[in-house]
Amino acid sequence: MTLTLLLLIKAAMAVLILAIGMGARLSDILYLARRPALLMRSLVAMFVMVPLAAWLIAVSWPLAPGAKAALLVLAVSAGAPLLPRKLEKFGSPEYSFSLVVTTSLLAIVVVPLWVAALASYFDVAADISSLDVATSLAKSFLLPLAAGMALGALLPDLTARYADRATIIAGGGLTAASVLLLVLHWRLMLEIQATGMSALVALMLIALAIGHLFGGPEPGDRTALAIACVTRHVGIAVIVATTFRGPKTMVILAAYVVASVLVSIPYLRWRKRSLPISANPG
């Protein structure tokens, strides 16, 4: 049952990313390259500030070693493959798309460096190569995204007709499978304990604040970067988690799902009420 649900989640994410690619253009990738100040703030927030916040929580919070490892694994697994879908009603879709592609490519270099730092911190042997990260990103994100962009360019009328339907179906499947997986493994939440869960929620709240502050003056950019800082790349997290002995992959994923929902949904509702009408596309 668990394997079936995990396969369904992977398939649903692939379809969602395919649909995101259908509505994107090649020029959207360069959106951040043309805005170096916003690019630098975004990268510092996601790849430096959030991991540092997790590190501070890990060294100051009374956590078990496994909980510390889980916290740090999630912190360094930056990337938000479904960010454009989450933020389709907020701000600039070009920014969300460019941020996803840019951070995913940068993760190939940055994540192995953070893993080396974690290995030193936990005094364990751990090794993850850029090839491992690149392979995971290619399979789970870059290939379906490129396929979607190719379909959007070659068959614009067809993709415009079916992209929204595919998004709705795949989004429903992803939500249902995730909930069932969490229900099926509810006992795993007991392994995290209250202190571990509270530390993870605290990290999500701090990450949200970091993104909101670093997003700059544009309300839509603030919202996008805040959610990007909260969102972890599950595929990368799985690779990093299996590199260390302590954290169990399912425990990490279960804790992350709960913590991210508790933090991101109220924030997005607040932003939807506070954003000016002009900030919403359409």
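Residues numbered from 1 in each chain as written. Predicted model: local features only at pLDDT ≥ 70, side-chain atom pairs only at ≥ 80, totals over all residues. Heavy atoms only, no water.

**Remarks on the overall build of the protein**
Right, so step 1: Tallying secondary structure elements over the protein gives 12 helices and zero strands in all.
Right, so step 2: Seen in sequence order, the protein has helices and strands lined up from the N terminus as α-α-α-α-α-α-α-α-α-α-α-α.
Right, so step 3: The buried share of the protein, taken over its 282 residues, is 49%.
Right, so step 4: When contacts within the protein are restricted to residue pairs at least 6 apart in sequence, those whose partners lie at least 24 apart make up 83%.
Right, so step 5: Accessible area for the protein stands at about 13,400 Å²; split by element, carbon and sulfur atoms hold 70% of it. (Helix = DSSP H or I, 4+ residues; strand = E, 2+ residues; numbered from the N terminus. Buried < 20%, exposed > 50% of the residue type's maximum accessible area, 1.4 Å probe, protein only. Contact = heavy atoms within 4.5 Å. Areas by Shrake-Rupley, 256 points an atom, 1.4 Å probe, with all protein chains shown as cover.)

**Quick notes on the packing of aromatic side chains**
Geometrically, a pair of aromatic rings is defined through the distance of the ring centres and the angle of the planes.
Right, so step 1: If you walk through the whole model with that rule in mind, you get three aromatic pairs.
Right, so step 2: Ring geometry for Y267 versus W270: centroids 5.8 Å apart, planes at 55°, classification tilted. Of this pair, Y267 and W270 both sit in helix α12 (residues 249–274), separated by three residues, roughly a single helical turn.
Right, so step 3: The aromatic ring of Y31 is capped on one face by R35, whose charged end is 3.8 Å from the ring centroid.
Right, so step 4: Directly above the ring of W270 sits R271, whose terminal nitrogen or CZ lies 5.1 Å from the centroid. (Phe/Tyr/Trp six-rings, centres within 6.5 Å; stacked < 30°, edge-to-face > 60°. Lys NZ or Arg CZ within 6 Å of the ring centre and 35° of its normal.)

**Brief notes about the environment of V257**
Right, so step 1: Here V257 is to be found in helix α12.
Right, so step 2: The class of V257 is partly exposed, set by a relative accessible area of 30%.
Right, so step 3: Linking V257 and T231, residues 26 residues apart in sequence, is a C-alpha distance of 9.7 Å.

**Description of the pattern of salt bridges**
Right, so step 1: A complete count under the given rule lists one salt bridge for this structure.
Right, so step 2: D28 is the partner of R25 in a salt bridge, and the nearest nitrogen-oxygen pair spans 3.5 Å.
Right, so step 3: We classify R25 as exposed; its relative accessible area is 52%.
Right, so step 4: Residue class for D28 comes out buried when judged on its relative accessible area of 8%. (Salt bridge = Lys/Arg side-chain N within 4 Å of Asp/Glu carboxyl O.)

**With respect to the side chain of T231**
Right, so step 1: Mapped onto the elements of the fold, T231 is located in the loop between α10 (219–230) and α11 (234–243).
Right, so step 2: Judged by relative accessible area, which is 6%, T231 ranks as buried.
Right, so step 3: Here the side chain of T231 touches I227 through a polar contact of 2.7 Å, landing on its backbone oxygen. (Polar contact = N/O pair within 3.5 Å; in protein donor to acceptor, adjacent residues only side chain to side chain.)

**Concerning helix α7 (residues 130–154)**
Right, so step 1: For α7, the principal kink sits at A138 and spans about 55°.
Right, so step 2: Taken residue by residue, α7 has V133, S136, L137, F141, P144, L145, G148, M149 and G152 as its buried positions. (Bend = angle between axes of the 7 residues up to and from the residue.)

**Side note on the environment of A14**
Right, so step 1: By the secondary structure assignment, A14 is in helix α1 (residues 2–22).
Right, so step 2: Classification of A14 as partly exposed rests on a relative accessible area of 28%.
Right, so step 3: For the pair A14 and G148, spaced 134 residues apart in the sequence, the C-alpha separation amounts to 10.0 Å.

**As for the packing of α1 against helix α8 (residues 156–184)**
Right, so step 1: Axis separation between α1 and α8 bottoms out at 8 Å; the angle between their running directions is 150°. By the angle class used here, α1 and α8 are roughly antiparallel. Crossing angle aside, the handedness with which α1 passes α8 is left-handed.
Right, so step 2: Along the lines of polarity and charge, the residues of the contact of α1 with α8 split into 18 nonpolar, six polar and no charged. (Axes fitted to C-alpha atoms, helices over the stretch in contact; angles between N-to-C directions. Parallel < 35°, antiparallel > 145°, perpendicular 65-115°, else oblique. Left-handed = near helix turned anticlockwise from the far one by under 90°. Nonpolar A, V, L, I, M, F, W, Y, C, P; charged D, E, K, R; others polar.)

**Details of α8**
Right, so step 1: The terminal C-alpha atoms of α8, which comprises 29 residues, lie 41 Å apart, in line with the 42 Å expected from a rise of 1.5 Å per residue.
Right, so step 2: Most pronounced at Y162, the bend in α8 amounts to some 35°.
Right, so step 3: The complete set of buried residues in α8 reads T159, A163, T167, A170, G171, L174, A177 and L181. (Expected span 1.5 Å × (residues − 1).)

**Re a nonpolar patch on the surface**
Right, so step 1: Residues L151, L154, L155, L158 and Y162 make up a contiguous nonpolar surface patch of about 470 Å² in total accessible area.
Right, so step 2: Within the residue set of the nonpolar patch, elements represented by two or more residues are α7 and α8.
Right, so step 3: Here L151 shows up in helix α7. (Patch = residues over 30% accessible without salt bridge, like charges linked within 9 Å, V, L, I, M, F, W, Y side chains within 5 Å.)

**Some words on the confidence of the model for the protein**
Right, so step 1: Per-residue confidence for the protein gives a mean pLDDT of 80; residues scoring 70 or more make up 85%.
Right, so step 2: Element-level mean pLDDT values for the protein span from 67 in helix α5 (residues 83–86) up to 91 in helix α3 (residues 36–60).
Right, so step 3: Here residues 277–282 is a poorly scored stretch, pLDDT under 50, and it has eight contacts once near neighbours within four places are set aside; other chains count. (pLDDT = per-residue confidence, 0-100.)

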